[in-house]
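Here is what each chain is made of, one letter per residue.
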Amino acid sequence: MDYVSNTVTERNEMLKEIGVETVEEIFNSIPEEVKLKRELKVSGGMSELALKDYMQEISEKNSSLVHYTSFLGAGAYDHYVPGIIDHLISRQEFYTAYTPYQAELSQGTLQVIYEYQSMICELTGMGVANASLLDGGSATAEAILMAARISRNKKILLSAGLHPAYREVAHTYGVPKNLNFVQIGLEGTTTNLTELEENLDKDVAAVVVQYPNFYGSIEEMEKIKELKQQYKKVLLIVVTNPIALGLLKPPGEFGADIVTGEGQPLGNPLNYGGPYLGFLSCKDERKYIRQIPGRIAGATEDVEGNVGYVLTLQTREQHIRRDKATSNMCTNEALNAAISTIYMATMGKAGLREVAEKSFKKAHYLAEKIDELDKFNVLNMDNFFYEFKVETKLPVKKVLSDLKQEKILGGVNLSRFDEEGILLSVTEKRTKEELDRLVQLMEAM
Amino acid sequence: MAERLIIDYSSPGRKGYSLPPLEIPEVDMGDYIKESYFRDELKLPEVSEVDVVRHYTALSELNYGVDSGIYPLGSCTMKYNPKRNEDIARIEGLSQLHPYQDEEDLQGSFEFLYELKRDLAEISGMDEMTLQPASGAHGELTGLLIIREYFEDKGIEKNKVIVPDSAHGTNPASAVMAGFDIVEIESNKDGMVDIDELKEAVDDKVAALMLTNPNTLGIFEKDIKEIADIIHDAGGLLYYDGANLNAIMGYARPGDMDFDVLHLNLHKTFSTPHGGGGPGSGTVGVKEFLRPYLPRPVLKKDDKNYYWDYDRPKSIGKVHAFYGNYGVLVKAFSYIKTLGGKGLTRTTENAVLNANYMKAKLKEEFSLPYQENSLHEFVLSGVKQKEKGASTLNMAKRLLDYGQYAPTIYFPLVVKEAMMIEPTETENIDTLNRFIETLQKISEEVENNPELVKNAPHNTSVRKLDEVKAARQPDLRW
Amino acid sequence: MSTPNDLYYTENHEWISLDGEEGVVGITEHAQEELGDIVYVELPTIDEGLDQFEEFGVIESVKAVSDVFTPVSCVVTEINESLMDQPELINEDPYGDGWLIKVELKDKSELDELMDSTEYKSFLEGE
């Protein structure tokens, strides 16, 4: 099956119109020396049935979350996803559309982006948001580049409480632009504020903290705000989890200049790490808006005065500004942004808060019980949201593999990030029975 | 008809969700979080499930997708997105995977990802691929960072990237993000790289030339070997922008044209849906000598198992927090396994046949600025119509009135009043004829009733939108 | 196409007028027409020193961006603040309310390198 539907007769008719005998003739503009003179060695040609069987077979070599109770988080969270989302985004008009270049035939996509921007602004407490970036990691990197352009400085203070993978992506993006990264260490599980203060000076472009941070802990945002405000040009970038903002005070109220993060928790399936979406919002000021990377939708009116939506402020973008663009962003994660929009609309004011609350409470119920165990200790018992760090004298690898025998994924082994301990995340999906069972098994170790 | 905003459906206390019960004893959150860290209000919609379903269904009805009809956007390869790929991507054993699960739980996915890498390397003539970049531009950035890292590692100072004036805007933007300065070169009268101009631009500070071949005019750069030699002789590398791979798959391979690095847009050539502007996937391929610089981690295989290799001291680092747009990769793999090598080649043939048929039918009515043979796409100019009072933009909007999507317009920049048309192979002669007839009819309208075209669109849900107002008085949220 | 007599013009379609020691700089009617509806203007800061033909700002329409260059070496003494909220003034009155910056000239002899209105008019015809 190749989805080609011209018949032999039609092909001949077309060739005649073109004025050639064979299709190969059209390819004569490719010099012989670079022509591939053999068939591609790519297996395939499967029927739909064969393909489904084959992929089903491959899937059975995986052990998916269907088989487990999962306490994995660390940037990708197993929240409940309302069933209507997949139905709605599967409507082909959303699903198979291109970037909304012709606004008049793309009002659906454009209005969804406008609603998405509005709700991201509301959640983060900021004035303006873009239409999405590629993921939380690259969005953090884009936010840092944006801050460097605004402040015209090169020094970036990165909290060690920022997700290690985000820190790595930030380096990948920042080093070619000669950014100078200084890592600010931790005190317990939150950013060491003395160290932050010592490193802050007028040459700093941005301070980057995560809220709640990689360990689930809530940074001392009030103090960070105070420190940052001593220097006029320094920007505060807050990387955040949008679910936590159902309950927590938005970063905008703590002096954030740019807020960014991973939008996956807002209704996106886990999909082994992607496609997810990066969100980015900032202050509603000219000098910020001018430097936003990626697309932005705006409301306007048509010639008859009806409300309509367009992509706007496009002179920031690569297709117009080319080498002087704010970013190379073109394709973003529009469909994932649509997922998050529908999620935020469905859960709404009460639902988002309830998800955050239930995740928080269940996580604390579990953490308290684990902390009581002899062989385990919760490092940030007094300060976390729905993710916490557990230490143990037992070999972590064995603890996790023993739990896996019992069909539990008992958290992320921090050895992956050259650190000891386990990072556990609890969402509203976990039942009391699952939490109690985990504690029981850990107690027996 | 306009659809109001979801927030306007709100009624205090209305809910559209249900969550699992708390079950556990009540926890006082104030015991753990300071009072000043709780938010006061959250102004999100308060709507029912039915409200949500109706609202977003209504919005979808204001859109146009590939399933609605022809989508001839040049350089965008809007081919049919097979439904079976969607079914495959939703198999729970493939999708319900957490990025930090143990590798032993992921051997099935690794198996197909590994084969996908191998297939893409074979199709493009490269030695190794990374699946991490999440879009075409992301792939460009990754590829250029690899080039940068390579020269740094070798202790060779390079700071320039050459980009033809017909290139996609992402090329110069990506090169600047990767820390390079841009040297733009003009195309020659046939729409190809001007060899003399290239020679002039090349020196020992040039790290790379970025090229798409066929170029954005759909024309194959026949001097590609000479171009490659010029760059390589000066110690630079050749970067291939794979947005146009649909033109040559099975007929020629960038690797055999001596390109050193490339990216492929899986959301174009390999049929995964665009979703209104993403997700995409911009996998990057390199020649052997660039392997050490690929982003971490690299998917490998030993005697028994597949695994991620993180021990990559010369790697550029990560460009994505996890492994890229995995969900897109599943669909691209399903597509490749459906077609196989022969099918992919037939795809190319028909994409080229369709484009050339349209060109033959339309070149009299419109102007054809470049006469060279073109492959999967071609560029017309609306200068004749513009003289009669209707611009390319006007004609594009008029196409919408006829329920068909418009081509890419005003790109490439080297053509005045450009209309860049790429029908793809999944359209047949009937849909092509319908589109051709519509364009001809619009050209007649320009002749007889230019005002009708100038004021288009007339039949869409909204009419011509005021972009000046949108930019002067930005209204970016409710 | 209006090209007032008392102005000096550049090939990049800027104009400068001289009133005593003070110069006023803007873009020509032709330039604003080429750009279309102007939506945004970026101007330098006051006291900024500029070399002749140095880039000093950016003018944007919905789909195009144009850098603007100073016709003479100068120091910026005033910028047209009203353009921040009403960039359309450049379209409506390019030689009047749509001026961009006021400057103090460093070297009046540089004016000799510029075109007068007759020269600019024929330059436009040739373009």
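Engineer: How should the interface of chain B and chain A be read in this particular structure?
Structural biologist: Accessible area lost when the parts come together is the quantity often used to give the size of an interface. With 211 residues of chain B at the contact, the number on the chain A side is 193 residues. Of the roughly 17800 Å² buried where chain B meets chain A, counting both sides, 60% is carbon and sulfur surface. Broken down residue by residue, the surface that chain B buries against chain A is led by Tyr37, Arg39 and Leu476 of chain B, which jointly contribute 5%. Our count for the chain B to chain A interface comes out at 17 salt bridges. Between arginine 322 of chain A and glutamate 184 of chain B there is a salt bridge, with its nearest N and O atoms 3.9 Å apart. Put simply, chain B and chain A have 112 residue pairs in polar contact (both at pLDDT 80 or more) between them. In terms of residues, the side of chain B that touches chain A owes the most to one element, helix H9 (residues 326-362) of chain B, which gives 30 residues.

Engineer: Can you walk me through the interface of chain C and chain A in this structure?
Structural biologist: Taken together, the contacts link twelve residues of chain C with seven residues of chain A. Taken over both partners, the interface formed by chain C and chain A buries close to 740 Å², and the fraction arising from carbon and sulfur atoms is 43%. If you look at where chain C meets chain A, you find five salt bridges. Between glutamate 55 of chain C and lysine 324 of chain A there is a salt bridge, with the nearest N and O atoms lying 4.0 Å from each other. For the pair chain C and chain A, the number of links is six residue pairs in polar contact (both at pLDDT 80 or more). If one sorts the elements of the side of chain C that touches chain A by residue count, strand E6 (residues 55-61) of chain C sits on top with four residues.

Engineer: Mind showing me how you'd approach the state of the cysteines here?
Structural biologist: All names here are of chain A. Evaluation of the coordinates by the stated rule reveals zero disulfides over all chains. Cysteine 121 forms no disulfide, and the closest cysteine sulfur to it belongs to cysteine 282, at a distance of 8.1 Å. Residue classification places cysteine 121 among the buried positions, given a relative accessible area of 1%.

Engineer: What's the story with the nonpolar core in this structure? I'm lost.
Structural biologist: As a rule of thumb, soluble globular proteins bury nonpolar side chains together. In this structure, Met55 of chain A together with Leu198, Ile248, Phe270 and Leu344 of chain B are the most contacted members of the largest nonpolar core, which totals 200 residues. The leading source of residues in this core is H9 of chain B, at 15 residues. Beyond its immediate stretch of four places on either side in the chain, isoleucine 248 of chain B contacts Ile30 of chain A together with Asn213, Pro214, Phe220, Tyr240, Pro254, Met257, Thr348 and Leu375 of chain B. Judged by nonpolar contacts, the second largest core, of 102 residues, contains Cys121, Ile218 and Val355 of chain A together with Tyr17 of chain B.

Engineer: Just to check I follow, could you spell out the domain arrangement of chain B for this structure?
Structural biologist: Partitioning chain B into structural domains gives domain 1 (6-60), domain 2 (84-338) and domain 3 (349-468). Computed from C-alpha atoms alone, the centre-to-centre distance between domain 1 of chain B and domain 3 of chain B is 47 Å.

Engineer: Could you clarify how one ought to interpret the layout of surface pockets in this entry?
Structural biologist: Counted as a void, the second largest pocket has a volume near 1400 Å³. As for the second largest pocket, its lining consists of 39 residues, of which Arg149, Ile150, Arg152 and Gln291 of chain A together with Glu42 of chain C are closest to the centre. Contributing elements (two or more residues each) for the lining of the second largest pocket: helix H7 (136-151) and helix H11 (286-289) of chain A, helix H6 (170-177) of chain B together with strand E4 (38-42), E6 and strand E7 (65-69) of chain C. Residue composition of the lining of the second largest pocket, grouped by class: 16 nonpolar, eight polar and 15 charged.

Engineer: Can you walk me through the packing of helix H1 (residues 8-18) of chain A against H9 of chain B in this structure?
Structural biologist: How two helices sit against one another is set out by the angle between their axes and by the gap between those axes. At a minimum axis distance of 9 Å, the contact between H1 of chain A and H9 of chain B shows a crossing angle of 50 degrees. The orientation of H1 of chain A relative to H9 of chain B falls into the category oblique. Read as a crossing pair, H1 of chain A and H9 of chain B show a hand that is left-handed. Between H1 of chain A and H9 of chain B, the contacting residues are Arg11, Met14, Leu15, Glu17 and Ile18 of chain A on the first element and Arg346, Glu349, Asn350, Leu353, Asn354, Asn356, Tyr357, Ala360 and Lys361 of chain B on the second. Within the contact of H1 of chain A with H9 of chain B, the residues separate by chemical class into six nonpolar, three polar and five charged.

Engineer: Sorry, what's going on with the packing of aromatic side chains here?
Structural biologist: Any two aromatic rings considered together are summarised by their centre-to-centre distance and by the angle between their planes. Applying the stated criterion across every chain, the model contains 37 aromatic pairs over all chains. Ring geometry for tyrosine 64 of chain B and tyrosine 71 of chain B: centres 5.4 Å apart, planes at 55 degrees, overall tilted. Just as tyrosine 64 of chain B is buried, tyrosine 71 of chain B falls in that class too. Positioned above the aromatic ring of tyrosine 9 of chain B is the side chain of arginine 4 of chain B, whose terminal nitrogen or guanidinium carbon lies 3.9 Å from the ring centre. When the ring centre of tryptophan 99 of chain C is taken as reference, the NZ or CZ atom of lysine 102 of chain C above it lies at 4.8 Å.

Engineer: Looking at this structure, I do not really get the pairing of strand E17 (residues 422-425) of chain A. What am I missing?
Structural biologist: Looking along a regular strand, one sees side chains alternate from face to face of the sheet. Residue and element names in this part refer to chain A. Here E17 shows a buried face lined by Ile422 and Leu424 and a second buried face lined by Leu423 and Ser425. With two bridges joining them, strand E16 (residues 412-413) and E17 adopt antiparallel strand pairing. Bridged to valine 412 within E17 is leucine 423.

Engineer: It is not clear to me how unusual backbone geometry should be interpreted in this structure. Could you clarify?
Structural biologist: Residues apart from glycine generally show negative phi values, whereas peptide bonds are mostly found in trans. Of the consecutive residues asparagine 213 of chain B and proline 214 of chain B, the connecting peptide bond is found in the cis state with omega at 0 degrees. A cis amide bond links glycine 278 of chain B with the next residue in sequence, proline 279 of chain B, at an omega value of 10 degrees.

Engineer: I keep staring at empty space enclosed by the protein and nothing clicks. Help me out?
Structural biologist: Over the atoms rolls a probe the size of a water molecule, and its path tells where empty space is left. Scanning the model with the defined rule gives six cavities of 30 Å³ or more in all. Along the walls of the largest cavity sit 21 residues, with Tyr77, Gln210, Pro212, Asn241 and Glu387 of chain A positioned nearest its centre. Elements supplying a minimum of two residues to the lining of the largest cavity: strand E8 (235-240) and strand E9 (258-262) of chain A. Here the residues of the lining of the largest cavity are counted per class, giving eleven nonpolar, eight polar and two charged. Counting contributing residues, the lining of the largest cavity receives three or more from each of domain 1 (65-81 + 349-443) and domain 2 (84-342) of chain A. The wall of the second largest cavity is formed by 15 residues, among which Thr130, Leu131, Gln132, Pro297 and Trp308 of chain B lie closest to the centre. Breaking the lining of the second largest cavity down by element, the ones donating at least two residues are helix H4 (107-124), strand E1 (128-130), strand E8 (298-301) and H9 of chain B. Its residues assigned to classes, the lining of the second largest cavity comprises twelve nonpolar, two polar and one charged.

Engineer: Is there a simple way to explain the pairing of E7 of chain C in this structure?
Structural biologist: All names here are of chain C. In this structure, E6 lies alongside E7, joined through five bridges in antiparallel fashion. Paired with isoleucine 59 across the two strands is serine 66, which belongs to E7. Where E6 hands over to E7, the hairpin turn is made up of three residues, counted between the paired strands.

Engineer: Explanation requested: the side chain of asparagine 354 of chain B in the structure shown.
Structural biologist: Position of asparagine 354 of chain B among the secondary structure elements: in helix H9. Its relative accessible area of 0% is what places asparagine 354 of chain B among the buried residues. Leaving out residues up to four positions away in the same chain, asparagine 354 of chain B has contacts with Asn6 and Met14 of chain A together with Pro423, Thr424, Glu425, Glu427 and Leu432 of chain B.

Engineer: I'm lost on H4 of chain B in this one. Help?
Structural biologist: Residues and elements named next belong to chain B. Relative to the 26 Å expected for 18 residues at 1.5 Å per residue, H4 spans 26 Å between its end C-alpha atoms, a close match to the ideal helical length. Most of H4 sits inside the fold, with 16 of its 18 residues counted as buried. A positive backbone phi angle near 75 degrees is found at glycine 125, which sits one or two residues after H4.

Engineer: Just checking my understanding: could you explain the packing of helix H5 (residues 136-154) of chain B against H6 of chain B for this structure?
Structural biologist: Residue and element names in this part refer to chain B. Two numbers describe how H5 lies on H6: the axes approach to 9 Å, and their chain directions differ by 45 degrees. Taken together, the axis directions place H5 and H6 in an arrangement best described as oblique. At the point where H5 passes H6, the crossing takes the right-handed sense. Residue-level contacts link Ala137, Glu140, Leu141 and Leu144 of H5 to Thr170, Asn171, Ser174, Ala175 and Met177 of H6.

Engineer: Help me understand helix H14 (residues 396-405) of chain A, please; the structure alone is not making it clear to me.
Structural biologist: Each α-helix winds once per 3.6 residues, and so residues spaced three or four apart point in a common direction. All names here are of chain A. Taken residue by residue, H14 has Val396, Val399, Leu400, Leu403 and Lys404 as its buried positions. Buried positions in H14, seen along its axis, are confined to an arc of 135 degrees and lie on one side of it. Exposed positions of H14 whose direction lies more than 90 degrees from the buried face are Lys397 and Gln405. The elements touched by buried residues of H14 are strand E13 (376-378), strand E14 (387-392), strand E15 (408-409), E16, E17 and helix H15 (432-443).

Engineer: Help me understand the sheet that holds E17 of chain A, please; the structure alone is not making it clear to me.
Structural biologist: The strands making up a sheet are joined through hydrogen bonds of the backbone, oriented either antiparallel or parallel. Taking strand neighbours across the sheet as the criterion, the four strands line up as E13-E14-E17-E16 (chain A) in an open arrangement whose pairing is antiparallel. The sheet terminates laterally at E13 and E16 of chain A, the two strands that pair on one side only.

Engineer: Would you take a moment to explain the sheet that holds strand E8 (residues 74-79) of chain C for this structure?
Structural biologist: Residues and elements named next belong to chain C. Read across the open sheet, the six strands follow the order E1-E2-E3-E9-E8-E5; overall the sheet is antiparallel. In this open sheet, the two strands that pair with only one neighbour each are strand E1 (8-9) and strand E5 (49-50). Sheet topology places strand E3 (residues 22-27) next to strand E9 (residues 101-105); four bridges connect them, and they run antiparallel. Among the inter-strand pairings, glutamate 22 is bridged to a residue of E9, identified as glutamate 104.

Engineer: Is there a simple way to explain the environment of leucine 40 of chain A in this structure?
Structural biologist: Tracing the chain through its elements places leucine 40 of chain A in the loop between helix H2 (23-26) and helix H3 (48-59). It is 37 Å that separates the C-alpha atoms of leucine 40 of chain A and alanine 165 of chain A, two residues lying 125 residues apart in sequence. When near neighbours in sequence (up to four residues on either side) are disregarded, leucine 40 of chain A contacts Glu122, Ile123, Met249, Gly250, Arg253, Gly341, Leu344 and Thr345 of chain B.

Conventions we followed
- Residues numbered from 1 in each chain as written.
- Chains lettered and ligands numbered in written order.
- Predicted model: local features only at pLDDT ≥ 70, side-chain atom pairs only at ≥ 80, totals over all residues.
- Heavy atoms only, no water.
- Contact = heavy atoms within 4.5 Å.
- Buried area = accessible area lost by both parts, 1.4 Å probe.
- Salt bridge = Lys/Arg side-chain N within 4 Å of Asp/Glu carboxyl O.
- Polar contact = N/O pair within 3.5 Å; in protein donor to acceptor, adjacent residues only side chain to side chain.
- Helix = DSSP H or I, 4+ residues; strand = E, 2+ residues; numbered from the N terminus.
- Disulfide = S-S within 2.5 Å.
- Buried < 20%, exposed > 50% of the residue type's maximum accessible area, 1.4 Å probe, protein only.
- Core = buried A, V, L, I, M, F, W, Y, C linked by side-chain atoms within 4.5 Å.
- Domains from an automatic or database assignment.
- 1 Å grid on protein atoms, 1.4 Å probe; cavity = no way out; pocket = protein on both sides within 12 Å on 5 of 7 lines; lining within 4 Å.
- Points joined across faces, edges and corners; volume = space filled by probe spheres on them.
- Nonpolar A, V, L, I, M, F, W, Y, C, P; charged D, E, K, R; others polar.
- Axes fitted to C-alpha atoms, helices over the stretch in contact; angles between N-to-C directions.
- Parallel < 35°, antiparallel > 145°, perpendicular 65-115°, else oblique.
- Left-handed = near helix turned anticlockwise from the far one by under 90°.
- Phe/Tyr/Trp six-rings, centres within 6.5 Å; stacked < 30°, edge-to-face > 60°.
- Lys NZ or Arg CZ within 6 Å of the ring centre and 35° of its normal.
- Pairing = 2+ DSSP bridges.
- Expected span 1.5 Å × (residues − 1).
- Arc of directions from axis to C-beta.

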